[in-house]
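Chain by chain, the residues:
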Amino acid sequence: MTAKEQKKRLKEIKKFNAKKYKEYNKNQKRKRAPESEYVTKMNDNDNIIEFDNLKTYFYTDVGTVKAVDGVTFDIKRGKTIGVVGESGCGKSVTSLSVMGLLQGPTGQVAGGSIRFNQLSKNRAVDLTKLPIKEYEKIRGNEISMIFQEPMTTLNPVFTIGDQLMECIALHNPDMKKKDVEARALETLEMVGIKRDGMLDLYPHELSGGMRQRVVIAMALSCNPQLIIADEPTTALDVTIQAQILDLLRELKDKINASIMLITHDLGVVAEMADYVVVMYAGRVVEQGTADDIFHHPSHPYTIGLMKSKPMLGEQVERLYSIPGNVPNPINLPEHCYFKNRCEMCVDKCEGAYPELISLSETHKVSCYLREKEVKGEN
């Protein structure tokens, strides 16, 4: 591409982005929206949340980054779903789309829907169309998030008590200060912290495990229906990791919540998850029960992930690694995104991106190789 062509292309990108930013800002300024715009129906009332062809894009100076490009999956009430995949596959962006925490106007939900079963009001809402005032009633209250790094999640200049009680007071305006403080202490006790003067301490005065417990307490303080745990054990040592996972499992059952667990750690997923979603380059390539994914992996990428984990009792000179690199999210190919790294390609892989096909009632995969097998069985 010549310098002149590059200049022309950048000018077109800038013009396109300006149009998208204008639409975003116009939508943000709307003070009221009729309920008919965002109240919807769930496909299955047993689901707490349904992602339907979700597309989240970032409009940058060098082009549109398709971070999440057509994600579809459900989370059942009271169940834990593990979302796995390598860095940059769209796991965290999917969770930020749910929470409405995308850095706009650069980051926007460009299409699809996120249907949330709002049990407190006996209705379902599309979070992608929800007005800000309505979102503020749900975020931190009915849907909460445990972020990756507790030291950066907690504000270093405020005490633990200030930060924990703020969330409780915000969503319970009728509660007296004494009751808010009692609820904060109760929540800390739920996560295994029973210590005098805890509310007066600052984040730097706590260990990594204690800080993570405080972050979990903040997420659970309003008894949410859905907890999004974005790599909650990444910065912790193995012993503390086990304690935090046991704690999450116990608390989920206690408040009857669902968990969306985002992680790189297949061991954590095997231990915690009822269902597993495997993402690659912004799309779901395989989904099923933990048994489906760990004992019957079907997509070449999932098979590669399973082959790359170390096994007890096996001695190898070098762990398996998937060859090649993830495609550029700005210029994604029309065919399967994994094709250039795949060792099991068939002729059809040169065509359009494969649709999700059902291998069983619970197991789905996006691969032409398996489509061939399913047709062979039929």
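Residues numbered from 1 in each chain as written. Predicted model: local features only at pLDDT ≥ 70, side-chain atom pairs only at ≥ 80, totals over all residues. Heavy atoms only, no water.

Peer 1: So what's going on with the overall build of the protein chain? Which residues, and what values?
Peer 2: Within the protein chain one finds 13 helices and 13 strands. Taking 2.2 N^0.38 as the reference for a compact globule, 378 residues should give roughly 21 Å; the C-alpha atoms of the protein chain span a radius of gyration of 22 Å, in line with that estimate. The dimensions of the protein chain, computed from C-alpha atoms along their principal axes, are 70 × 60 × 45 Å. Residues counted as buried form 47% of the 378 residues belonging to the protein chain. Within the protein chain, residue pairs in contact and separated by at least 24 positions form 67% of the contacts whose partners lie at least 6 positions apart. In the structure as shown, the protein chain presents an accessible area of about 20100 Å², 49% of it carried by carbon and sulfur atoms. (Helix = DSSP H or I, 4+ residues; strand = E, 2+ residues; numbered from the N terminus. Rg over C-alpha atoms; globule rule 2.2 N^0.38 Å. Buried < 20%, exposed > 50% of the residue type's maximum accessible area, 1.4 Å probe, protein only. Contact = heavy atoms within 4.5 Å. Areas by Shrake-Rupley, 256 points an atom, 1.4 Å probe, with all protein chains shown as cover.)

Peer 1: How would you summarise a negative patch on the surface if you had to cite specific residues and measurements?
Peer 2: Together, Asp-162, Glu-166, Glu-181 and Asp-200 give the surface a local cluster of negative charge. Under the relative-accessibility criterion, Glu-166 is labelled exposed at 57%. (Patch = residues over 30% accessible without salt bridge, like charges linked within 9 Å, V, L, I, M, F, W, Y side chains within 5 Å. Salt bridge = Lys/Arg side-chain N within 4 Å of Asp/Glu carboxyl O. Lys, Arg positive; Asp, Glu negative; His and termini not counted. Charge placed at Lys NZ, Arg CZ, Asp CG, Glu CD.)

Peer 1: Which residues make up helix α9 (residues 238–255), and what values go with them?
Peer 2: Between its first and last C-alpha, α9 extends 26 Å over 18 residues, near the 26 Å set by a 1.5 Å rise per residue. Buried within α9 are the following residues: Gln-241, Ile-244, Leu-245, Leu-247, Leu-248, Leu-251, Lys-252 and Ile-255. Down the axis of α9, the sector holding all buried residues measures 160°, keeping them to one side. Looking at α9, the residues exposed on the side facing more than 90 degrees away from the buried face are Val-238, Thr-239, Asp-253 and Lys-254. Of the residues trailing α9, Asn-256 is marked for its positive phi of about 55°. (Expected span 1.5 Å × (residues − 1). Arc of directions from axis to C-beta.)

Peer 1: I'd love a proper account of the sheet that holds strand β9 (residues 258–262), names of residues and values included.
Peer 2: Pairing is mixed in the open sheet, where 8 strands are placed in the order β7-β8-β9-β4-β10-β11-β13-β12. The strands lining the two open edges of the sheet, one partner per strand, are β7 (143–146) and β12 (357–358). Sheet topology places strand β4 (residues 80–84) next to β9; 4 bridges connect them, and they run parallel. Across the sheet, residue Gly-82 finds its bridge partner in β9, namely Leu-261. Together, β7 and β8 (226–230) form the strand contacts of helix α8 (residues 208–220), whose direction differs from that of β7 by roughly 175°. Of the strands in this sheet, β10 (275–280) and β11 (283–289) touch helix α12 (residues 300–307), which is tilted by about 105° from β10. (Pairing = 2+ DSSP bridges. Axes fitted to C-alpha atoms, helices over the stretch in contact; angles between N-to-C directions.)

Peer 1: Outline the environment of Phe-338, listing residues and values.
Peer 2: By secondary structure assignment, the location of Phe-338 is in the loop between α12 and β12. Between the C-alpha atoms of Phe-338 and Tyr-301, which are 37 residues apart in sequence, the distance is 7.4 Å. Those residues in contact with Phe-338, other than ones at most four positions away along the chain, are Tyr-280, His-299, Pro-300, Tyr-301 and Ile-322.

Peer 1: Which residues make up the nonpolar core, and what values go with them?
Peer 2: Note that soluble globular proteins tend to have their nonpolar side chains buried in a common cluster. Ranked by internal contacts, the top residues of the largest apolar core, which has 35 residues, are Ile-146, Leu-188, Val-191, Val-214 and Ile-216. Sorting the residues of this core by element identifies α6 (160–171), α7 (177–190), α8, β8, α9, β9 and α10 (266–272) as the ones contributing at least two each. (Core = buried A, V, L, I, M, F, W, Y, C linked by side-chain atoms within 4.5 Å.)

Peer 1: Which residues make up the packing of α7 against α8, and what values go with them?
Peer 2: It is at 9 Å that the axes of α7 and α8 come closest, and there the two elements cross at 125°. With respect to α8, the element α7 is oriented oblique. When you trace α7 past α8, the crossing you get is right-handed. Along the contact surface, α7 presents Arg-183, Thr-187 and Leu-188, while α8 presents Val-214, Ala-217 and Leu-220. Classifying every residue of the contact of α7 with α8 gives 4 nonpolar, 1 polar and 1 charged. (Parallel < 35°, antiparallel > 145°, perpendicular 65-115°, else oblique. Left-handed = near helix turned anticlockwise from the far one by under 90°. Nonpolar A, V, L, I, M, F, W, Y, C, P; charged D, E, K, R; others polar.)

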